[in-house]
Amino acid sequence: MNPPLPPSPGAHRRRRPGRLAGFATAVVVALGSGALAVAATGSAEAATVGAGSYTETLPAGAKLPTGCGDIATNPRQFLTANAPAGAVPTNDWWSSLVFKKGDECNFSQPLFAHPAAYKPVASGLGISYQTDAAISGSATGLGEYHFPYAQHVVAGVAGLNAPRALVDGWTDWTVTPSWSDGTRTLKATIGHGLPMSYYQVTGGDALISIVGPPTVWQNSGNRVGWSIGGHDYVAYGPAGSTWSLSGSTLRSTLAGRGYFSLAVLPTTSGTSTADKTALADRYGQVAHNHVTGTRVSYTYNQAAGTVNTTYGFTTTAREGSGSGTVISLYPHQWRYLSGGSPIAQTYVSPRGAMKTVIGTQFQTSMKYTGVLPEVPAVGDSSGADLSQVTTFLNNELNNPADFRGDDTYWTGKGLGRAARIAEIADQLNLTAVRDSALNVIRTRITDWFTASAGKTSRVFYYDNKWGTLIGYPASYASDEDLNDHHFHYGYFIAAAATLAKFDPQWASTGRYGGMVDLLIRDANNYDRADTRFPYLRDFDIYAGHDWASGHGAFGAGNNQESSSEGQNFANALIQWGQATGNTAVRDAGIWIHTTQAAAINEYWFDVRNENFPASWGHNYSAIVWGSGGAYATWFSGEHALVVGINMLPMTGGQLYLGDHPAAVKSTYAELVRNNGGEPTLWRDMLWQYLALGDPDAALAKFRANSSYTSEEGESKAHTFHWIRNLAALGQVDTGVTANHPLAKVFSKNGAKTYVASNITNTALTVTYSDGRTLAVPAGKTVASGATNFSGGNANGGGTVTTPPTTTPPTTTPPPTCTTGPLLSQGKTATASSVEAGYPANLAVDGDAATRWSSAFADPQWLQVDLGSAQPLGRVELTWEAAYGKAYQIQTSANGTSWTPVATVTNGTTAGAVTHQISGTARYVRMYGTERGTPYGYSLFEFKVFGSCGSTTPPTTTAPTTNPTTTPPTTPATTPPAANAWAANTAYAVGQIVTYNGARFRCLQAHTSLVGWEPPNVPALWATA
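Computed from a predicted model, the values in this text were never measured in an experiment.

What follows concerns the overall build of the protein. Across its full length, the protein carries 15 helices and 52 strands. Contacts in the protein between residues at least 24 apart in sequence constitute 67% of all its contacts with a sequence separation of at least 6. If you sum the accessible surface of the protein, you get close to 33,900 Å²; carbon and sulfur atoms cover 50% of it.

Now for the packing of helix α12 (residues 683-690) against helix α14 (residues 716-729). At a minimum axis separation of 9 Å, α12 and α14 run at an interaxial angle of 15°. On the basis of the axis angle, α12 is roughly parallel to α14. Between α12 and α14 the crossing geometry is left-handed. Seen from α12, the contacting residues are D684, W687 and Q688; seen from α14, they are H718, T719, W722 and I723. Partitioned by chemical class, the residues of the contact of α12 with α14 number three nonpolar, three polar and one charged.

Glancing now at the sheet that holds strand β38 (residues 781-785). Strand order in the open sheet formed by five strands is β33-β34-β35-β38-β39, and the pairing between neighbours is antiparallel. Across the chains shown, the open sheet's two edge strands, defined by having one partner strand only, are β33 (731-732) and β39 (789-791). The pairing of β38 with β39 spans three bridges and is antiparallel. Note on β39: the bridge partner recorded for T781 is G791. This element, α14, spans β33, β34 (743-748) and β35 (751-757) of the sheet and lies at about 65° to β34.

Here we come to the state of the cysteines. Structurally, a disulfide amounts to a covalent bond that connects the sulfur atoms of two cysteines. Evaluation of the coordinates by the stated rule reveals one disulfide. Shown here is the disulfide that connects C68 with C105, its sulfur atoms set 1.9 Å apart. Measuring handedness by torsion sign, the sulfur bridge of C68 and C105 sits at about -75° and is left-handed. In this pair, C68 is assigned in the loop between β2 (52-55) and β3 (111-112) and C105 in the loop between β2 and β3, connecting sequence segments 37 residues apart.

Look at helix α13 (residues 695-704) against α14: their axes get within 8 Å of each other, and the N-to-C directions meet at 140°. Our classification of the angle between α13 and α14 gives oblique. In terms of crossing hand, the pair formed by α13 and α14 is left-handed. Here P695, D696, A698, L699, F702 and R703 of α13 lie close against α14, whose contacting residues are T719, F720, I723, R724, L726 and A727. Here the contact of α13 with α14 is built from residues that sort into eight nonpolar, one polar and three charged.

Bringing empty space enclosed by the protein into the picture now. Using the criterion set out here, one finds five cavities of 30 Å³ or more in the structure. Of the volumes computed, that of the largest cavity is approximately 140 Å³. Taken together, the elements giving at least two residues each to the lining of the largest cavity come down to α4 (408-427), α6 (485-502) and α8 (563-580). Space inside the second largest cavity adds up to approximately 100 Å³. As for the second largest cavity, its lining consists of 16 residues, of which E423, D426, K501, S757 and T781 are closest to the centre. When residues of the lining of the second largest cavity are traced back to their parent elements, those giving at least two are α4 and α6. Looking at the lining of the second largest cavity, the element that brings in the most residues is α4, giving three residues. Within the lining of the second largest cavity, the residues separate by chemical class into four nonpolar, seven polar and five charged.

Further remarks concern α4. Over its 20 residues, α4 extends 29 Å from the first C-alpha to the last, a length consistent with the 28 Å expected when each residue adds 1.5 Å. For α4, the buried fraction is high: 20 of the 20 residues fall into the buried class. Measuring from the side-chain oxygen of the N-cap residue of α4 to the backbone nitrogen of Y409 gives 2.9 Å; that N-cap residue is D407. Just downstream of α4, N429 is the residue with a positive phi angle, here 65°.

The full count for this structure, using the stated rule, is 41 salt bridges. The salt bridge involving D517 is made with R521; its shortest N-O contact spans 2.4 Å. Within this pair, D517 and its partner R521 are both found in helix α7 (residues 513-524), separated by four residues, close to a single helical turn. R521 carries the same exposure label as D517, and that label is buried. Where R537 meets D522, a salt bridge forms, and the shortest distance between an N and an O atom there is 3.1 Å.

Size it by volume and the second largest pocket reaches roughly 520 Å³. Forming the walls of the second largest pocket are 26 residues, and the residues nearest its centre are W170, D172, R528, P534 and Y535. Those elements that provide at least two residues to the lining of the second largest pocket are β20 (289-301) and β28 (539-540). Of the residues in the lining of the second largest pocket, the class split is twelve nonpolar, six polar and eight charged.

Looking now at α7. Since one α-helical turn is 3.6 residues long, residues separated by three or four positions face the same way. The terminal C-alpha atoms of α7, which comprises twelve residues, lie 16 Å apart, in line with the 16 Å expected from a rise of 1.5 Å per residue. Of all the twelve residues making up α7, twelve are buried; the element is thus mostly covered by neighbouring parts of the structure. When we look at burial in α7, the residues that qualify are G513, G514, M515, V516, D517, L518, L519, I520, R521, D522, A523 and N524.

The next subject is the sheet that holds strand β23 (residues 346-347). Strand-to-strand pairing in sheets goes through backbone hydrogen bonds, with the strands running parallel or antiparallel. The antiparallel open sheet is built from three strands, whose spatial order is β22-β24-β23. The open sheet has two free edges, formed respectively by β22 (325-329) and β23, since each of these has just one partner strand.

What follows covers unusual backbone geometry. The omega torsion of the bond from Y472 to P473 falls at 5°, within 30 degrees of zero and hence cis. Topologically, P473 is positioned in the loop between β27 (468-472) and α6. Note the cis peptide between D858 and P859, where omega equals -10°. Located in the positive-phi region is D402, a residue other than glycine, with phi close to 45°. Positionally, D402 belongs in the loop between α3 (383-394) and α4. The residue D606 is not glycine, and still its phi comes out positive at about 40°. Mapped onto the fold, D606 is located in the loop between α9 (583-603) and β31 (623-625). Relative accessible area serves as the criterion here: at 4%, D606 is assigned to the buried category.

Calculation criteria
- Residues numbered from 1 in each chain as written.
- Predicted model: local features only at pLDDT ≥ 70, side-chain atom pairs only at ≥ 80, totals over all residues.
- Heavy atoms only, no water.
- Helix = DSSP H or I, 4+ residues; strand = E, 2+ residues; numbered from the N terminus.
- Contact = heavy atoms within 4.5 Å.
- Areas by Shrake-Rupley, 256 points an atom, 1.4 Å probe, with all protein chains shown as cover.
- Axes fitted to C-alpha atoms, helices over the stretch in contact; angles between N-to-C directions.
- Parallel < 35°, antiparallel > 145°, perpendicular 65-115°, else oblique.
- Left-handed = near helix turned anticlockwise from the far one by under 90°.
- Nonpolar A, V, L, I, M, F, W, Y, C, P; charged D, E, K, R; others polar.
- Pairing = 2+ DSSP bridges.
- Disulfide = S-S within 2.5 Å.
- 1 Å grid on protein atoms, 1.4 Å probe; cavity = no way out; pocket = protein on both sides within 12 Å on 5 of 7 lines; lining within 4 Å.
- Points joined across faces, edges and corners; volume = space filled by probe spheres on them.
- Expected span 1.5 Å × (residues − 1).
- Buried < 20%, exposed > 50% of the residue type's maximum accessible area, 1.4 Å probe, protein only.
- Polar contact = N/O pair within 3.5 Å; in protein donor to acceptor, adjacent residues only side chain to side chain.
- Salt bridge = Lys/Arg side-chain N within 4 Å of Asp/Glu carboxyl O.

What is shown is where atoms sit, not what they do.
In structure tokens form, the structure reads like this:
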């Protein structure tokens, strides 16, 4: 087979644009640069966020995202009127459909959905399914493998000749392209993990054009099955329809009903006709349940140290009343599948074997084995090694960041370098070095977070049409292609997290925390309700990893090179969320980090040697493409850099690279073999990686040659600290989890060391899954077991000491009820909605490990029927991570008329909350009006207790609580002149505005823009 066309070159990332460096290929399809500099007009408009600010006026000479037509200023140019409102997604597997660029301005580049690939053309949707890899290069040199797009079938409408394909809609991992030529229309829904595609047509018969005469093995009624190119396809028409074959064309009137489905089967050349028919029968049971939505939900179970993910599919039955569809799972999903049994047949994909289930959802459960701010100084805190690391650190005193550039990427690299130095110096009590590094971080980030009038450099610009925050100077097309935001901003966020541990005031929302949050939301918005940015821009929810290119307009699909810099972003979210007490950010980071760690070990390092084509010859891929992988980089042909690019920056968030130590040693050995000897470039990165598999060998290499030149974002202080301490700790132990996110276990010669970092000002005890406990004083990193250490001086971050009383005394009944009987356990509970698997009764079953969870919407309620009217004393809520930010406890005598007895307007965290109440009622409920996370409301326990005897008012006093239902008119008239919401206006936290007759409270200081009206942006406004 001829090698595939190489990916079209473009300035994707790092150092220089152009083709994959050093890799000669026969054909290069050039992309036009499409560069369009848009000059700023007028003076800069600064929008404030706490003490920080960004500009809403494009800096002079700066570039916007560029592509076909007027997309720079009209990113919705290739969307239909039906497309969802809000920010346009980028950096996805299907982005070239909407972010058209280069030589394809009408349709798109191939879309590698897996197991099938697609390409819109004028007559409909082309389909390809490849099981043979095209390989170029050599097993010891640079090379690539691809399962290239090779069209077998076009599904469309007879006579359709559309000038272009638009995007009609999308969900978490599906997209619906749309065609129209003025007479005929076609809509198709395709997605990750869907071997079946779904079509709606008007204006003509359904037409399936096949590249050559097919071998039809079944044509009965509304179903036709055929073989082409060694693969089998089945088309399903509505009941009562038929398919006619003429040459290479299948045609159907669809019985006038306008829909059909088309599936590729997981067959091989040896599959019998009977087995093909059996598969077609099985798929046919759900063929007319069209997939109309996909959605991920996840939870971090801190107590168990697990990350549980539900991948849900919404289907609409075009006929009948069934539900469910055919779902194919990637290796990083089926290895961790919770329940369900895949069918025997598997699909071939560029990611390895895909296993298939049929249903409406599947769930995975993965261990989260922790990250650290930095490895503990168990080996270099005394003796000669302390002297050596101290010398290295003191050498950095005056230049801890060593900035190599002023753009977002190189600024980030310098900030990351300084953060590592600060963490190590703090462990070793070298406060002068630590403070020097922290001061550099504080000064440089504060500069970037300040958009003063006329400022054109070190400034962030928000584009409300694209829904993106771009830092200028930009680099590696982070502006015109929206490349790499997770790479660049991850360094900023990680450095801010280190600073937050020592300067929590700087990190507060009222100071610069809000700007950090904007960087998080731009690269990977964790909040579905926030329409300013796309949900999880850079992270492919189903594929389990980031995509780096904003447009993905390459013949090989989208791509991701430096997976480790993607993990740096995820780790930064964990560290920042933990440092600021933001569990929504922390848990998003934990989910991304855990999921992506599994994907990286599968698709970049193939640690089980199962996913790469056997004939490729490499056990590592530096770039993952939609259609395959490459042992090459965008910037260098040097083997050391090809391998090292998926290791930097080495931090306590990269310990997942050591989950499979044998694979570490194998990858390093391949590097040495391909390189013709030990590496001479990026030795520090490669030795640090080797230390995760063979730390003693790595330390020996460092000691033998410590005069090397450091990688640009590294320091010898950090390299030595990392290798020396891993040599003492051993390898990571993946068998033990902890109930604290900043904890890790290591094992050397069978002896374990337990490590935990406490970045708060309150002591904590960490419990590990093997029963070990570890007391960690405030601000310390502690190691205990085979090796021991305690150090660090963090003075804030995460949980803080709170006043003993947070509720005004006038709202709390004087007697604190502690002895009233528990009335609710085992009683009948009902709810406004239920997330599958988490019914209402689980909140009143007395089991702290089970819970009720609602739909992801406001408002929601959970109520319990006590069986008869009871005098009440208190209600205890135990919130899961999906807590209620604003809610009421309400009581009722009849389950219809409700009286609020406790009100919360600014709940801030998960865990136990107690509300003292009074009165007599049969029914008690929690009525939530504002969620604290993007998810629903989730309660482990909802406990209602009786009164404490004579101190509880009798039932006759209940009317005294009723007036609480009357005052709604009073607050509305107290501030009679709240200003109407207006665009281009700065609002402070707590400020009240009116919009369309309703009142809203500002949740985050900002300058509102058109499209940020209160009902549209729940992240900024709540009903007042």
